[in-house]
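Here is what each chain is made of, one letter per residue.
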Amino acid sequence: MSTILNDPKLDEFILNSPKKIKRAKILIYTLSIVIPVAVALIFEIKLEGFDFSILPPVYAILNGLTAIVLILALIAIKRRAILVHRALIRTALLFSIWFLILYVAYHITSTHTEYEGSYPKFYYSLLISHIILSVAVVPLVLFSYLQAWQGKFERHKKWVRFSYPVWLYVAISGVIVYLMISPFYK
């Protein structure tokens, strides 16, 4: 990696153990299945006695922050600020993880909200594309991250051509979905 990036400080971040790489891939495959299944099941589970009605704006903010950080990460890598890029991507991952945790907490404690606005075709098209791509974004982002972690930057770039726009779309569309549905929360 040092020869490619001319920064020996980055060598410590390379994952090059075949055993660890295999475990990382198994974890990615597992999360790519478990997360969408778990999220689908939360609509069947209702825990009474909790009021997490404050969470939708919070997780919408997390989605918005994810989008901003992703844009900043793109700017950083275009300027070859690799350590900054890496820190921003990790921040975006943390925001996405917190989003997921809060999303699950809200939906297992709250009733479903129907969209009653003036643009149902737009809303449901956006919502459906958001849901489908949020399932796809998990393996795309994690495999992109794994490629960089292994120091396989050409493969990382190929993965990112798909994962980055999907992740950015999911983050931005999540905010728009929230803004459209929020007037109808009870």
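All of the points below concern the structure found in this document.

**A look at the packing of helix H2 (residues 18–41) against helix H5 (residues 120–149)**
Close contact between H2 and H5 brings their axes to 9 Å; oriented N to C, the two are set at 165 degrees. For the element pair H2 / H5, the angle class is roughly antiparallel. The crossing of H2 and H5 is right-handed. Contact residues: Ala 24, Lys 25, Ile 28, Tyr 29, Leu 31, Ser 32, Ile 35 and Pro 36 in H2; Val 135, Val 138, Pro 139, Leu 142, Phe 143 and Leu 146 in H5. Its residues assigned to classes, the contact of H2 with H5 shows twelve nonpolar, one polar and one charged.

**Looking at the pattern of salt bridges**
Counted according to the given criterion, the structure contains one salt bridge. Put simply, Glu 154 and Lys 157 hold a salt bridge, and the shortest N to O gap is 3.3 Å. One end of the pair, Glu 154, and the other, Lys 157, are both in helix H6 (residues 153–181), three residues apart, so they sit about a helical turn from each other.

**Brief notes about the packing of aromatic side chains**
Counted by the stated rule, this structure contains 14 aromatic pairs. Measuring from centroid to centroid gives 6.2 Å for Tyr 145 and Trp 149, while their planes differ by 50 degrees, and the two rings are tilted. Of this pair, Tyr 145 and Trp 149 both sit in helix H5, four residues apart, which is roughly one turn of that helix. For Tyr 145, a relative accessible area of 21% puts it in the partly exposed group. Members of the aromatic cluster, joined through ring pairs, are Tyr 59, Phe 99, Tyr 103, Tyr 106, Tyr 178 and Tyr 185.

**Quick look at H2**
Over its 24 residues, H2 runs 34 Å from end to end, which matches the ideal 34 Å to within 8%, given 1.5 Å per residue. Taken as a whole, H2 has its buried residues at Ile 21, Ala 24, Ile 28, Ser 32 and Pro 36. Buried-residue contacts for H2 involve H5.

Criteria and thresholds
Residues numbered from 1 in each chain as written. Predicted model: local features only at pLDDT ≥ 70, side-chain atom pairs only at ≥ 80, totals over all residues. Heavy atoms only, no water. Axes fitted to C-alpha atoms, helices over the stretch in contact; angles between N-to-C directions. Helix = DSSP H or I, 4+ residues; strand = E, 2+ residues; numbered from the N terminus. Parallel < 35°, antiparallel > 145°, perpendicular 65-115°, else oblique. Left-handed = near helix turned anticlockwise from the far one by under 90°. Contact = heavy atoms within 4.5 Å. Nonpolar A, V, L, I, M, F, W, Y, C, P; charged D, E, K, R; others polar. Salt bridge = Lys/Arg side-chain N within 4 Å of Asp/Glu carboxyl O. Phe/Tyr/Trp six-rings, centres within 6.5 Å; stacked < 30°, edge-to-face > 60°. Buried < 20%, exposed > 50% of the residue type's maximum accessible area, 1.4 Å probe, protein only. Expected span 1.5 Å × (residues − 1).

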